[in-house]
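Per-entry structural report
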Amino acid sequence: MGPQELVQLVAETQKKKFEELIQAYRLTGITVTTPEPDITRVCWDTAHKGTLCEPYYMEIQHKETLRILRHSLPYFVPLETVSQTLLNTDFKKFVASMSEYLAAYVNRRQEIVMLQKKYSDILIGEVESSHAADFVQFQLKLQPESEQIIEAKLTYEQLTDIIPTKVRIKVLLRNSANASDVIVNTQDIKHYKECFHSMELTKAVGEIID
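Residues numbered from 1 in each chain as written. Predicted model: local features only at pLDDT ≥ 70, side-chain atom pairs only at ≥ 80, totals over all residues. Heavy atoms only, no water.

Here we take up helix H4 (residues 186-198). Taking 1.5 Å per residue as the helical rise, H4 with its 13 residues ought to reach 18 Å, and the 18 Å between its terminal C-alpha atoms agrees with that figure. Listed as buried for H4 are Ile189, Tyr192, Cys195 and Phe196. Down the axis of H4, the sector holding all buried residues measures 125°, keeping them to one side. Seen from the buried face of H4, the exposed residues on the opposite side, beyond 90 degrees, are Thr186 and Gln187. Packing partners of the buried residues in H4 comprise strand S8 (135-141), strand S9 (148-155), strand S10 (166-173) and helix H5 (201-209). (Helix = DSSP H or I, 4+ residues; strand = E, 2+ residues; numbered from the N terminus. Expected span 1.5 Å × (residues − 1). Buried < 20%, exposed > 50% of the residue type's maximum accessible area, 1.4 Å probe, protein only. Arc of directions from axis to C-beta. Contact = heavy atoms within 4.5 Å.)

Paired through backbone hydrogen bonds, the strands of a sheet run either parallel or antiparallel to each other. In space, the four strands of this open sheet follow the order S7-S8-S9-S10, with antiparallel pairing throughout. In this open sheet, the two strands that pair with only one neighbour each are strand S7 (123-129) and S10. Recorded for the sheet is a direction-independent mean angle of 10° between the axes of neighbouring strands. With four bridges connecting them, S7 and S8 associate as antiparallel partners. Within S8, the residue paired with Glu128 across the bridge is Gln137. Set on the sheet, helix H3 (residues 91-118) makes contact with S7 and S8; between it and S7 the angle comes to about 170°. Across the face of the sheet, H5 comes into contact with S8 and S9 while running at roughly 25° to S8. (Pairing = 2+ DSSP bridges. Axes fitted to C-alpha atoms, helices over the stretch in contact; angles between N-to-C directions.)

A few words on the sheet that holds strand S5 (residues 56-62). Judged by pairing direction, the sheet is antiparallel, and its four strands sit side by side in the order S1-S2-S5-S6 without closing on themselves. Taken across any chain shown, the strands that pair with only one partner, and hence form the sheet edges, are strand S1 (30-36) and strand S6 (66-71). Averaged over all pairs of adjacent strands, the angle between strand axes in this sheet comes to 25°, irrespective of strand direction. As paired elements, strand S2 (residues 39-44) and S5 share six bridges and run antiparallel to each other. Paired with Thr40 across the two strands is Ile60, which belongs to S5. The sheet contacts of H3 involve S1, S2, S5 and S6, and relative to S5 the element is tilted by about 165°.

One non-glycine residue with positive phi stands out, namely Lys49, at about 50°. Mapped onto the fold, Lys49 is located in the loop between strand S3 (47-48) and strand S4 (51-52). Although it is not a glycine, Ala133 adopts a positive phi angle of roughly 55°. Note that Ala133 resides in the loop between S7 and S8.

Our next topic: the packing of H3 against H5. Running from amino to carboxyl end, H3 crosses H5 at an angle of 35°, the nearest separation of the two axes being 8 Å. Each of Glu111, Ile112, Met114 and Leu115 in H3 lies in contact with H5, whose residues at this interface are Leu201, Thr202, Lys203 and Val205. By residue class, the composition of the contact of H3 with H5 is five nonpolar, one polar and two charged. (Nonpolar A, V, L, I, M, F, W, Y, C, P; charged D, E, K, R; others polar.)

In total, this model carries four aromatic pairs according to the counting rule given. Relative to Tyr105, the ring of Phe76 lies with its centre 4.9 Å away and its plane at 65°, an arrangement referred to as edge-to-face. One end of the pair, Phe76, is in the loop between S6 and helix H2 (79-86); the other, Tyr105, is in helix H3, with 29 residues separating them in the sequence. Accessibility assignment for this pair places Phe76 and Tyr105 in one class, buried. Pairwise contacts between aromatic rings join Tyr75, Phe76 and Tyr105 into one cluster. Just above the ring of Tyr156 sits the side chain of Arg108; from NZ or CZ to the centre is 5.8 Å. (Phe/Tyr/Trp six-rings, centres within 6.5 Å; stacked < 30°, edge-to-face > 60°. Lys NZ or Arg CZ within 6 Å of the ring centre and 35° of its normal.)

Written out as structure tokens, the structure is:
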């Protein structure tokens with residue numbers, strides 16, 4: 001078999017694999033198409049609690065090796081690291097890994113949006129968050145008329161996390177920056193932390209204020 005026939009065989013093998021992937025992904029929220037013979041387009045649909053959010057796209061050239069031509073993924077997704085490891089060794093795992101990062105980001109972001117809408121009556125000031133929504137900070141009243149508030153700082157150490165891995169809680173009096181002004185029930189603090197460590201953001205807040 002000459003070099004040209006070998007290249008053709010590799011191309012045909014890759015094409016067959018991509019056709020199999022198209023079928024496999026059809027029902028997973030991931031669409032894989034081949035708009036041109038040597039181009040594969042991947043679309044990741046995202047959703048939060050049954051509501052569709054924005055899609056993300058990637059175009060990949062496949063010849064002897066796979067090469068990303070363009071994409072719309074957020075800058076903080078570790079695309080370069082993951083692609084170096086998986087793109088040319090396990091394409092299916094590469095696509096699944098990107099899906100996990102995107103789904104987690106959209107989940108964290110939309111939980112913040114829901115927090116602001118659902119609990120606007122007890123939130124104090126703005127909810128602060130990073131671009132990747134892997135850090136969020138806010139203050140809220142435990143009851144609408146209460147002077148006692150909690151300040152929460154939540155960190156998601158991995159960009160695939162949807163539950164905070166680090167939780168810092170302070171209990172304050174409204175219009176006071178001094179935590180010593182409040183007699184803190186350590187069991188309450190423990191309960192708040194357990195809620196954030198075990199639940200998504202809005203569910204945790206709902207559990208805390210109930």
